[in-house]
Amino acid sequence: MNTRAFLDSINDKHVTLSIIGLGYVGLPLALNFSESGFSVLGFDTDKKKVEQLINGQSYINYISDQKISKAVSSGLFKPVSNFGELKNTDIIIICVPTPISKNREPDLGFVRSTAEEIARILRSGQLIILESTTYPGCTEIILKPILETSGLTSRIDFYLSYSPERVDPGNRDFKNEDIPKVVGGDGEDALKMATNLYSQIFNHIVPMSSMDAAEATKLAENIFRSVNIALVNELKIIFSKMGVDVWEVIEAAKTKPFGFMPFYPGPGLGGHCIPVDPFYLSWRAKELGEVSEFIELSGKINTGMPERVVSALVLGIENKLKKRVDESKILILGLAYKKNVDDTRESPSFVIIKSLEKRGAVVEYFDEYVPVIPKTRDHSDLEGRKSITWDLSSLSTYDAVLICTDHDNLPYSDIALNAKLVVDTRNVMGRLEIQSKNIIKA
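Residues numbered from 1 in each chain as written. Predicted model: local features only at pLDDT ≥ 70, side-chain atom pairs only at ≥ 80, totals over all residues. Heavy atoms only, no water.

*Asks:* Can you walk me through unusual backbone geometry in this structure?
*Replies:* Negative phi is the rule for most residues except glycine; trans is the rule for most peptide bonds. In the Ramachandran plot, Lys-13 falls in the positive-phi region, its phi being about 60 degrees despite a non-glycine side chain. Relative to the helices and strands, Lys-13 resides in the loop between α1 (3–11) and β1 (16–20). Unlike most non-glycine residues, Lys-322 shows phi in positive territory, near 55 degrees. By the element assignment, Lys-322 lies in the loop between α12 (305–320) and β9 (329–333). (Helix = DSSP H or I, 4+ residues; strand = E, 2+ residues; numbered from the N terminus.)

As structure tokens, then:
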């Protein structure tokens, strides 16, 4: 392999990239590269998504149609659904899902099948990068051997790298290119190649000593968040028994200029990373004969929060409305896992809806960002349900309104005035200083 020549080609933008997986990670990355002057093939198995992109239509709410249309019309971004078109590209970046199974074990099916497809078209001198979140050692012991079934060898015939995605969907405070990019490589040449590539679009690169260290970095980031969110969720449970408002406590605690970082409780964890990543490391730890007690405990607390929310709602209906939950009609506000996005991955709202319906309640939802419930791995029975049309006057027809996601586009003062009972899991009413006897926190 001619490393120097390949580096020069990257610097001159005379290489062609393929991005496999055009979701919340792959699509923004493909746009970043094409906007920087690289020729990019964006591959996805979902033909409907590819057709939308070809027609200049976005399926992610914070990426505009104009941005897609501009990238496609420039000729630098070409969405495709035929894997064979990737065979002539110089660089392949893998951005496929890495979920967990029902037993909380890593499900690397997408990574394996993608690697098998790449192995069929792999040629000498290519750079292959995995961005999907996984456990330390996965790129080395899972991806690399599959790629080498091609008859080619990493470090000798092709370059292999791991660089974890650090996307925060809908976060307007940080542009993708402003988030430091962690990079690990299979050998110095691969690290140099991947670092050089990402430096074309990212403002700061963090080279790592190994692919394992890069994989571990992503897990450390999200396990840190998971453990701390579990801590404040547990504090909320304990403080509520004492009549203490946990949100007031957190706001006071964060005035300390050192030694404290605010995390906030909620109805449960959502998104692809925080509910999933910790279990990748705990599974790997078990493989090595270690027990990850903090990770397991935080997972237990966080996955138990939706049922605690349901219990608080049921108690509120019984005590304030003098009704049973199986006589009640409930409106869920917010299906997305976080505010102002259309991302429903691992949303606790799904668990809450099914739990309430199991108890006999009639449940509907409103979310302008999610007009129809999409296909999901764990809640396929909810697919196709539609959000109600917003009508403030109809709120009185519901026995309770449960705020699961605090989207900014909702008239919370009017909700407090018109709803019989408001159960607030995000403290949005408290933040807006809206007070009413029909509001309870959960």
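*Asks:* When you look at a nonpolar patch on the surface in this model, what are you seeing that I'm missing?
*Replies:* Where nonpolar side chains cluster on the molecular surface, the patch consists of Ile-238, Met-242, Val-244 and Val-249 and spans about 320 Å² of accessible area. As for its placement among the helices and strands, Val-244 is situated in the loop between α8 (211–241) and α9 (246–253). Under the relative-accessibility criterion, Val-244 is labelled partly exposed at 34%. (Patch = residues over 30% accessible without salt bridge, like charges linked within 9 Å, V, L, I, M, F, W, Y side chains within 5 Å. Areas by Shrake-Rupley, 256 points an atom, 1.4 Å probe, with all protein chains shown as cover. Salt bridge = Lys/Arg side-chain N within 4 Å of Asp/Glu carboxyl O. Buried < 20%, exposed > 50% of the residue type's maximum accessible area, 1.4 Å probe, protein only.)

*Asks:* Help me out: how do you make sense of the nonpolar core in this one?
*Replies:* One broad rule of soluble globular proteins: the nonpolar side chains tend to lie buried together. Core analysis: the largest hydrophobic core is formed by 68 residues, its most contacted members being Phe-33, Ile-93, Leu-197, Ile-332 and Leu-356. Per-element accounting of this core gives the leading share, six residues, to helix α7 (residues 188–198). Every residue in contact with Leu-197, bar those within four places of it in the chain, is listed here: Ile-10, Leu-17, Phe-33, Phe-38, Ile-91, Ile-93, Leu-127 and Ile-129. Residues Ile-118, Met-211, Phe-279 and Ile-295 belong to the second largest nonpolar core, which totals 37 residues. (Core = buried A, V, L, I, M, F, W, Y, C linked by side-chain atoms within 4.5 Å. Contact = heavy atoms within 4.5 Å.)

*Asks:* Please clarify how the side chain of Ser-298 should be interpreted in this entry.
*Replies:* Counting through the fold element by element, Ser-298 comes out in helix α11 (residues 293–303). Since its relative accessible area comes to 3%, Ser-298 is described here as buried.

*Asks:* Looking at this model, I keep getting lost on empty space enclosed by the protein. Mind explaining?
*Replies:* In this approach, a probe sized like a water molecule rolls over the atoms, and the result shows the empty space that is left. If you walk through the whole model with that rule in mind, you get one cavity of 30 Å³ or more. Quantified by volume, the largest cavity comes out at close to 90 Å³. Lining the largest cavity are Val-25, Leu-29, Glu-131, Glu-165, Arg-166, Val-167, Asn-176, Ile-179, Pro-180, Lys-181 and Phe-202. Taken together, the residues of the lining of the largest cavity sort by class into six nonpolar, one polar and four charged. (1 Å grid on protein atoms, 1.4 Å probe; cavity = no way out; pocket = protein on both sides within 12 Å on 5 of 7 lines; lining within 4 Å. Points joined across faces, edges and corners; volume = space filled by probe spheres on them. Nonpolar A, V, L, I, M, F, W, Y, C, P; charged D, E, K, R; others polar.)

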